[in-house]
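The lines below spell out each chain.
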Number of protein chains: 4
Amino acid sequence: MTTGLRGGRPRDSSIDRAVLDSTSELLDELGYPELAIEHVARRAGVSKTAIYRRWPGRQQLVLAELQRRMGRVVPPQTGCTRCDLVESLELFARVLTCMGAETVSALLADCTDDPELRRTFMTTVFEPPRAAVRVTLEQARDRGDLRDGVDLTLAVDTLASLVHYRLLFRHAPVTEPEIDAAVGALLGGIARDGVVEAVSAAVHAHSGAG
Amino acid sequence: MTTGLRGGRPRDSSIDRAVLDSTSELLDELGYPELAIEHVARRAGVSKTAIYRRWPGRQQLVLAELQRRMGRVVPPQTGCTRCDLVESLELFARVLTCMGAETVSALLADCTDDPELRRTFMTTVFEPPRAAVRVTLEQARDRGDLRDGVDLTLAVDTLASLVHYRLLFRHAPVTEPEIDAAVGALLGGIARDGVVEAVSAAVHAHSGAG
Amino acid sequence: MTTGLRGGRPRDSSIDRAVLDSTSELLDELGYPELAIEHVARRAGVSKTAIYRRWPGRQQLVLAELQRRMGRVVPPQTGCTRCDLVESLELFARVLTCMGAETVSALLADCTDDPELRRTFMTTVFEPPRAAVRVTLEQARDRGDLRDGVDLTLAVDTLASLVHYRLLFRHAPVTEPEIDAAVGALLGGIARDGVVEAVSAAVHAHSGAG
Amino acid sequence: MTTGLRGGRPRDSSIDRAVLDSTSELLDELGYPELAIEHVARRAGVSKTAIYRRWPGRQQLVLAELQRRMGRVVPPQTGCTRCDLVESLELFARVLTCMGAETVSALLADCTDDPELRRTFMTTVFEPPRAAVRVTLEQARDRGDLRDGVDLTLAVDTLASLVHYRLLFRHAPVTEPEIDAAVGALLGGIARDGVVEAVSAAVHAHSGAG
DNA sequence: CGATAAGCGAGACGGTACGTCAAGTCTTATA
DNA sequence: TATAAGACTTGACGTACCGTCTCGCTTATCG
């Protein structure tokens, strides 16, 4: 809040580090639900007050640690649409894995009540890798690799959500071949030639009749 | 556990109902994180003991309520691949929405520690709608609507995860046109003709070089 | 509050004892200002909750201990006015000393904010010995030992306050000769014969002039 | 301690005043127990450091303020024993009331731990009005108004303690007629003629027998 | 029909963490 | 050196649920 423009003892930045380090360790050892501010304080050799002065609560503290873990996400630029997409998604998976899939989902669940917090979470944790995928798809589009009228947001969600789903819900790893297959499926479709157009007509008839 | 083979006063089944009803109300009013067994007991006019005798903890209690909310999920059977898929996914979305998206994700997060519990959660909450999608895709495959070598599990995950992502993470609604577009994209692909094959070759060259 | 007429697990009366014992010890070792509920709980081998369930706060807890220390105060009845008075005051002094003069005054000071609490304090701690003095004086009056028109309340206050003052304020002991002298002074006056009447007239003239 | 003999920035004496003023206000608004140094500092527009440099703690700070409130106590000299005594005691009551009876007793209680502090308190707060009473009594004695062998200290305590008791303990006002009656009682005694001597003999017999 | 066994409401119990608060000390930059 | 601002440690506060327990009572079935 107060940047302490002038006057007052400056914050001891070694405390920031010590607290985040302890948070990180406890996150790995106990997981988010068992992570207590009191533990963090004890382990960091720091008072609770010093923590609460920096972060208003557990969520923000862990969020800060996740942010630190994420570092800088740079979208790949090989010039090859499929390669870039695969690369983006692998990056995505790496980021989530590094943050700790369970931590991410537990934290998210713990942020649902406060809209402000939710937004921060999304911006901090989900947006960066998501943006990488989007940029990659936009480049593909500009390069003329995509059909006209393709809904980019939907495409991003489709790919991103797969990684999320596997890692956060099923706690299953996402392997490179799977990512490749998923990208291939989305790019090329999975229906035999001619089927989509046929069923498309049927849908319209169906919904028109309903 | 004990079916009360012999002896003892039989359980009052009206208590089961009262407790689940109160759980349901409090879930809607306060959300899962704020739901306390003590509140449930008070509201249901029942003792904590009676609750703990039936469910070992909060998670199992809420799980039971979600199970009750889900009811019976029946996969659609119109004979049209795309219609059935869309229908399955809408069903999926309805189920999650009815259960309460926030509740579902919070509960899931709260189940991560106990593997047994996790499995129960997956079987109870995620599997049924997922199975509906899988059945639909299997029927499509058997009907010859899908290309050879399509990874059904991946396809199910791709579609299912989209709904999850939108509802559980972004707390955004999933509209029918979007579902339709997503199904269309997966079935037909989004790449311009010829692109997939071309980049596919490039991928192999790329990964061969790496 | 709830006497637990029916239902519920009965309170463990050994806890009451353990808590008051620990309170007593800590009162002696550290004094009232340093007495912390958490210490009491720890030393008594009891949870904080168990304490707060019985007494709403530190003040009430200590008050309960003082009450226990006081026991039963019985006014003396030798039939001799002066002896009874001296005896009453010595009893008074013993009671306050046994409770711990510093504890009494610190507790009183800590009760000033809450009127309810203050009243309880007065009734519990100050009234009983005070009542003994009053009873003794009433018996003296009924016996015809006192002049007509003597203000008994004032007389009680005069004697009681001396003990309070010495013990609670000056932390000086009150010896038997002093008590005797004070009782003698109050009973017989300290002015030389004729002086009181003379100055009494002067007072009236003085206040009439002012 | 350091009178700032030489060197450095001189102390800003307006700070002393501002701090004591704020202390005074907060004492009236919240009472001693709720008076926090941080509040005082904030209200005075002064840093905590500046306060702690002048007074080692809360007790000393408040003590300083009480001292300021007391001002100069001058014993009355009308030449009439009873008038002077009444006047002294009223002065006594006024002083305590002005300081704030609750503040005085709370502060006293908060000084019990530190003997040094206690002594300062006694000297500062209790001695001056007490001295006035003593001087008055000494003048009465020298004037020949008192019987031989009267214990002056005991007489002072008897009168002073009554005021203390009423104001600090019972939080009851001390009215002028009451003071007059108390002075009258002490000077003239309350026993019917002949009673004191009779019971006095009884006491000696009693204590001799016991 | 009485013994046995469980269900049940009430609420005590030991835990554990919460987030807040004030005390008193220390650090920095500025006057 | 004094000052303002404010970081810092310490330690207790009173609250809230957790999941377990004990008690006295009720309600069934079994022998």
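Residues numbered from 1 in each chain as written. Chains lettered and ligands numbered in written order. Predicted model: local features only at pLDDT ≥ 70, side-chain atom pairs only at ≥ 80, totals over all residues. Heavy atoms only, no water.

Chemist: Just to check I follow, could you spell out the overall build of chain A for this structure?
Modeler: On a plain count of helices and strands, chain A comes out with ten helices and zero strands. Within chain A, the proportion of its 210 residues that are buried is 52%. Excluding contacts between residues fewer than 6 apart, the proportion of contacts in chain A whose partners are at least 24 apart in sequence is 67%. (Helix = DSSP H or I, 4+ residues; strand = E, 2+ residues; numbered from the N terminus. Buried < 20%, exposed > 50% of the residue type's maximum accessible area, 1.4 Å probe, protein only. Contact = heavy atoms within 4.5 Å.)

Chemist: Can you help me understand the protein's contact with DNA strand F in this one?
Modeler: Taken together, 45 residues lie around DNA strand F, and A:Gly8, A:Asp12, A:Arg54, C:Tyr52 and D:Arg53 are the ones closest in. Atoms of DNA strand F within 4 Å of the protein belong to the sugar or the phosphate in 60% of instances, the rest to bases. Separating a phosphate oxygen of DNA strand F from a side-chain N or O atom of B:Tyr52 is a distance of 2.7 Å. Between DNA strand F and D:Ser47 there is a distance of 3.2 Å, counted from a phosphate oxygen to a side-chain nitrogen or oxygen. Broken down by secondary-structure element, the contributors of at least two residues to the surface near DNA strand F are α3 (48-54) of chain A, α2 (37-44) and α3 (48-54) of chain B, α2 (37-44) and α3 (48-54) of chain C together with α3 (48-54) of chain D. Considered class by class, the residues forming the surface near DNA strand F number 16 nonpolar, eleven polar and 18 charged. (Near = heavy atom within 4 Å. Polar contact = N/O pair within 3.5 Å; in protein donor to acceptor, adjacent residues only side chain to side chain. Nonpolar A, V, L, I, M, F, W, Y, C, P; charged D, E, K, R; others polar.)

Chemist: I tried to follow helix α7 (residues 115-142) of chain C on my own but got confused; where do I start?
Modeler: Turn by turn, an α-helix covers 3.6 residues, leaving residues three or four places apart pointing in a common direction. Residue and element names in this part refer to chain C. The end-to-end C-alpha distance of α7 is 35 Å, clearly below the 40 Å that 28 residues give at a rise of 1.5 Å each. Of all the bends in α7, the largest measures some 55° and sits at Glu 127, one to four residues before the proline Pro 128. With a side-chain oxygen positioned 3.1 Å from the backbone nitrogen of Glu 116, the residue opening α7 is Asp 114. A positive backbone phi angle near 85° is found at Gly 144, which sits one or two residues after α7. (Expected span 1.5 Å × (residues − 1). Bend = angle between axes of the 7 residues up to and from the residue.)

Chemist: Could you clarify how one ought to interpret the relation of the copies chain D and chain C in this entry?
Modeler: The operation relating the two chain copies consists of a rotation about an axis and a shift along that axis. Overlay of chain D on chain C (RMSD 0.3 Å): rotation 180°, translation along the axis 0.0 Å. When the rotation and shift are considered jointly, the pair of chain copies conforms to a two-fold rotation axis. Looking at chain D, 100% of its interface residues are interface residues in chain C too, so the copies touch through the same face. (Least-squares fit on C-alpha atoms with pLDDT ≥ 70 in both.)

Chemist: In this structure, what is going on with the relation of the copies chain B and chain A? I would like to understand it.
Modeler: Superposing chain B onto chain A takes a rotation of 180° combined with a translation of 0.0 Å along the rotation axis, leaving an RMSD of 0.2 Å. Mapped onto chain A, 100% of the interface residues of chain B are again interface residues, and the two copies thus contact each other with one and the same surface.

Chemist: I would appreciate a short explanation of helix α8 (residues 152-169) of chain D in the present structure.
Modeler: Residues and elements named next belong to chain D. Across its 18 residues, α8 extends 24 Å between first and last C-alpha, which sits within 8% of the 26 Å expected from 1.5 Å per residue. With 17 of 18 residues buried, α8 lies mostly within the body of the structure. Put simply, Asp 151 is the residue that caps the front of α8, since its side-chain oxygen is 3.1 Å from the backbone nitrogen of Thr 153. Positive backbone phi, approximately 50°, marks His 171, located one or two places after α8.

Chemist: Would you explain the state of the cysteines in this entry?
Modeler: Residues and elements named next belong to chain A. What the rule picks out here adds up to three disulfides over all chains. The disulfide partner of Cys 80 is Cys 83, and the S-S distance across this bridge is 2.1 Å. Of note, the bridge from Cys 80 to Cys 83 carries an S-S torsion of about 80° and is right-handed in sense. Accessibility expressed as a relative area gives 9% for Cys 83, which makes it buried. No disulfide involves Cys 98; its nearest neighbouring cysteine sulfur is the one of Cys 111, lying 18 Å away. Assessed through its relative accessible area of 41%, Cys 98 is described here as partly exposed. Residue class for Cys 111 comes out buried when judged on its relative accessible area of 0%. (Disulfide = S-S within 2.5 Å.)

Chemist: Sorry if this is basic, but what is going on with the pattern of salt bridges here?
Modeler: Pairs can form between side chains of opposite charge whenever their charged atoms are close. Within the structure shown, the criterion is met by 73 salt bridges over all chains. Across the salt bridge formed by C:Glu138 and C:Arg134, the nearest N and O atoms sit 3.1 Å from each other. One end of the pair is C:Glu138 and the other is C:Arg134, both in helix α7 and four residues apart, which spans about a single turn. Between D:Arg69 and D:Glu65 there is a salt bridge, and its shortest N-O distance comes to 3.0 Å. One end of the pair, D:Arg69, and the other, D:Glu65, are both in helix α4 (residues 58-70), four residues apart, so they sit about a helical turn from each other. Judged by relative accessible area, D:Glu65 falls into the buried class, the value being 2%. (Salt bridge = Lys/Arg side-chain N within 4 Å of Asp/Glu carboxyl O.)

Chemist: I tried to follow the side chain of A:Arg166 on my own but got confused; where do I start?
Modeler: Structurally, A:Arg166 can be placed in helix α8 (residues 152-169). Judged by its relative accessible area of 6%, A:Arg166 falls in the buried class. Apart from residues no more than four positions distant in its own chain, A:Arg166 is found in contact with A:His171, A:Ala172, A:Pro173, A:Val174, A:Glu178, B:Thr153, B:Leu154 and B:Asp157.

Chemist: Would you mind showing me how to read the interface of chain B and chain A here?
Modeler: Contacts between chain B and chain A engage 57 residues on the former and 57 residues on the latter. In total, chain B and chain A occlude about 5,300 Å² of area from one another, counting both sides; carbon and sulfur atoms represent 61% of this. For A:Glu127, the salt bridge identified is with B:Arg170, shortest N-O distance 4.0 Å. Counting every contact that joins chain B to chain A gives eleven residue pairs in polar contact (both at pLDDT 80 or more). Mapped onto the side of chain B that touches chain A, the elements with two or more residues apiece are α5 (81-99), α6 (101-111), α7 (115-142), α8 (152-169), α9 (176-188) and α10 (195-209) of chain B. A per-element tally of the side of chain B that touches chain A places α8(B) first, with twelve residues. Looking at side-chain class alone, the side of chain B that touches chain A contains 28 nonpolar, 13 polar and 16 charged residues. (Buried area = accessible area lost by both parts, 1.4 Å probe.)

Chemist: Looking at this structure, I do not really get the protein's contact with DNA strand E. What am I missing?
Modeler: Of all residues adjacent to DNA strand E, which total 45 residues, the nearest are A:Tyr52, B:Asp12, B:Arg54, C:Gly8 and C:Arg54. The contact atoms of DNA strand E, taken as those within 4 Å of the protein, divide so that sugar and phosphate hold 57%. Within the side chain of C:Ser47, an N or O atom sits 3.1 Å from a phosphate oxygen of DNA strand E. Contacts to DNA strand E include C:Arg53, whose side-chain N or O atom sits 3.4 Å from a phosphate oxygen. For the surface near DNA strand E, the residue count by class is 15 nonpolar, 13 polar and 17 charged.

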